[in-house]
Amino acid sequence: ISSLIEQTGAAAASGEAPHDDFLPVEPESLSDAGLTDTQVEAIILKFLFNTGEATGRVIADQTRLPFKLIETLLRQMKHDQLVVYKGAAPMNDY
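Residues numbered from 1 in each chain as written. Predicted model: local features only at pLDDT ≥ 70, side-chain atom pairs only at ≥ 80, totals over all residues. Heavy atoms only, no water.

(A) Representation of the nonpolar core in the model. Counting 15 residues, the largest nonpolar core has Leu30, Val40, Ile44, Leu48, Ile59, Ile70 and Leu74 as the members making the most contacts within it. At the level of elements, helix 2 (37–51), helix 3 (56–63) and helix 4 (67–79) are the ones that each hand at least two residues to this core. For this core, the element with the highest residue contribution is helix 4, accounting for 6 residues. Those residues in contact with Val40 that lie beyond four places of it in its chain are Leu30, Leu35, Leu65, Ile70 and Leu73. (Core = buried A, V, L, I, M, F, W, Y, C linked by side-chain atoms within 4.5 Å. Buried < 20%, exposed > 50% of the residue type's maximum accessible area, 1.4 Å probe, protein only. Helix = DSSP H or I, 4+ residues; strand = E, 2+ residues; numbered from the N terminus. Contact = heavy atoms within 4.5 Å.)

Structure (C-alpha coordinates):
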(Lines give C-alpha, C1' and ligand atoms only; values in the text may rest on other atoms or scores of the structure.)
Protein backbone atom coordinates (compact mmCIF):
# COMPACT_ATOMS: atom_id res chain seq x y z
CA ILE A 1 0.00 0.00 0.00
CA SER A 2 2.79 2.43 0.82
CA SER A 3 4.25 1.85 -2.65
CA LEU A 4 0.92 2.70 -4.24
CA ILE A 5 0.59 5.83 -2.11
CA GLU A 6 4.10 6.95 -3.09
CA GLN A 7 3.36 6.29 -6.77
CA THR A 8 0.08 8.21 -6.61
CA GLY A 9 1.68 11.08 -4.72
CA ALA A 10 4.55 11.30 -7.20
CA ALA A 11 2.14 11.27 -10.13
CA ALA A 12 0.01 14.00 -8.55
CA ALA A 13 3.07 16.13 -7.86
CA SER A 14 4.41 15.78 -11.41
CA GLY A 15 0.99 16.13 -13.05
CA GLU A 16 1.45 12.83 -14.90
CA ALA A 17 -0.62 9.69 -14.64
CA PRO A 18 1.10 6.44 -13.68
CA HIS A 19 2.06 4.33 -16.69
CA ASP A 20 0.03 1.34 -15.58
CA ASP A 21 -3.35 3.15 -15.66
CA PHE A 22 -6.24 1.14 -17.01
CA LEU A 23 -7.61 2.53 -20.27
CA PRO A 24 -10.79 0.79 -21.46
CA VAL A 25 -11.25 -0.17 -25.09
CA GLU A 26 -13.50 2.25 -26.98
CA PRO A 27 -16.82 0.51 -27.72
CA GLU A 28 -17.79 0.03 -31.35
CA SER A 29 -21.50 -0.07 -30.51
CA LEU A 30 -23.79 0.64 -27.59
CA SER A 31 -24.22 -3.08 -27.00
CA ASP A 32 -20.43 -3.36 -26.66
CA ALA A 33 -20.71 -0.76 -23.88
CA GLY A 34 -23.53 -2.75 -22.27
CA LEU A 35 -26.09 -0.03 -23.01
CA THR A 36 -29.31 0.23 -24.96
CA ASP A 37 -30.43 3.06 -27.24
CA THR A 38 -33.19 3.91 -24.77
CA GLN A 39 -30.78 4.27 -21.86
CA VAL A 40 -28.45 6.59 -23.75
CA GLU A 41 -31.37 8.62 -25.17
CA ALA A 42 -32.65 9.14 -21.62
CA ILE A 43 -29.22 10.32 -20.47
CA ILE A 44 -28.94 12.71 -23.43
CA LEU A 45 -32.42 14.13 -22.81
CA LYS A 46 -31.71 14.62 -19.10
CA PHE A 47 -28.46 16.40 -19.94
CA LEU A 48 -30.16 18.66 -22.49
CA PHE A 49 -33.02 19.38 -20.10
CA ASN A 50 -30.51 20.65 -17.53
CA THR A 51 -28.21 22.54 -19.93
CA GLY A 52 -30.73 23.79 -22.46
CA GLU A 53 -28.49 23.27 -25.48
CA ALA A 54 -25.23 21.56 -26.39
CA THR A 55 -23.30 20.39 -29.41
CA GLY A 56 -23.04 16.72 -30.23
CA ARG A 57 -19.40 16.67 -29.19
CA VAL A 58 -20.23 18.15 -25.78
CA ILE A 59 -22.94 15.51 -25.35
CA ALA A 60 -20.44 12.79 -26.30
CA ASP A 61 -17.93 14.17 -23.79
CA GLN A 62 -20.59 14.30 -21.07
CA THR A 63 -21.76 10.73 -21.71
CA ARG A 64 -18.16 9.52 -22.18
CA LEU A 65 -19.17 7.74 -25.36
CA PRO A 66 -17.57 8.09 -28.80
CA PHE A 67 -19.16 10.78 -30.97
CA LYS A 68 -19.82 8.27 -33.75
CA LEU A 69 -22.26 6.44 -31.43
CA ILE A 70 -23.91 9.65 -30.23
CA GLU A 71 -24.22 10.99 -33.78
CA THR A 72 -26.38 8.05 -34.82
CA LEU A 73 -28.64 8.51 -31.81
CA LEU A 74 -28.93 12.27 -32.32
CA ARG A 75 -29.97 11.73 -35.93
CA GLN A 76 -32.66 9.26 -34.80
CA MET A 77 -33.77 11.58 -31.99
CA LYS A 78 -34.12 14.44 -34.50
CA HIS A 79 -36.19 12.19 -36.76
CA ASP A 80 -38.38 11.30 -33.76
CA GLN A 81 -38.66 15.05 -32.97
CA LEU A 82 -37.07 14.66 -29.52
CA VAL A 83 -34.33 17.20 -30.33
CA VAL A 84 -33.93 19.95 -32.90
CA TYR A 85 -30.96 21.58 -34.53
CA LYS A 86 -30.55 25.12 -33.31
CA GLY A 87 -27.88 26.09 -35.82
CA ALA A 88 -24.93 24.86 -37.80
CA ALA A 89 -22.01 23.49 -35.80
CA PRO A 90 -18.45 23.10 -37.07
CA MET A 91 -16.70 19.88 -38.06
CA ASN A 92 -19.69 17.61 -38.77
CA ASP A 93 -21.18 18.28 -35.35
CA TYR A 94 -24.77 18.83 -34.26
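(B) Structural context of helix 4. Compared with an ideal rise of 1.5 Å per residue, which puts 13 residues at 18 Å, helix 4 spans 18 Å between its outermost C-alpha atoms and is within 8% of the ideal. All buried positions along helix 4 are accounted for by Phe67, Leu69, Ile70, Leu73, Leu74 and Met77. Each buried residue of helix 4 sits inside an arc of 150 degrees when the element is viewed along its axis, so together they form one side. Among the structural elements, helix 2 and helix 3 are those in contact with the buried residues of helix 4. Gln81, located one to two residues past helix 4, shows a positive phi value of around 60 degrees. (Expected span 1.5 Å × (residues − 1). Arc of directions from axis to C-beta.)

(C) Broad picture of the packing of helix 3 against helix 4. The geometry of helix 3 relative to helix 4 is characterised by a closest axis approach of 9 Å and an angle of 120 degrees between their N-to-C directions. Comparing their axes, helix 4 and helix 3 come out oblique. As for the relative orientation of helix 3 and helix 4, their crossing is right-handed in sense. Touching Gly56, Arg57, Ile59, Ala60 and Thr63 of helix 3 are Phe67, Ile70 and Leu74, all from helix 4. (Axes fitted to C-alpha atoms, helices over the stretch in contact; angles between N-to-C directions. Parallel < 35°, antiparallel > 145°, perpendicular 65-115°, else oblique. Left-handed = near helix turned anticlockwise from the far one by under 90°.)

(D) Examining the pattern of salt bridges more closely. Applying the stated rule across the entire model yields 2 salt bridges. For Glu28, the salt bridge is made with Lys68, and the minimal N-O distance between the two is 3.2 Å. Taken as a pair, Glu28 in the loop between helix 1 (2–14) and helix 2 and Lys68 in helix 4 lie far apart in primary sequence, 40 residues in all. Relative accessible area serves as the criterion here: at 55%, Glu28 is assigned to the exposed category. You can call Lys68 partly exposed: its relative accessible area is 38%. Between Arg75 and Glu71 there is a salt bridge, and its shortest N-O distance comes to 3.3 Å. With Arg75 and Glu71 both in helix 4 and 4 residues apart, this pair spans about one turn of that helix. (Salt bridge = Lys/Arg side-chain N within 4 Å of Asp/Glu carboxyl O.)

(E) Quick look at unusual backbone geometry. With phi around 60 degrees, Arg64 is a residue other than glycine that occupies positive phi space. With respect to the helices and strands, Arg64 occurs in the loop between helix 3 and helix 4. At Gln81, a position not held by glycine, the phi torsion is positive, near 60 degrees. Among the structural elements, Gln81 can be located in the segment after helix 4.

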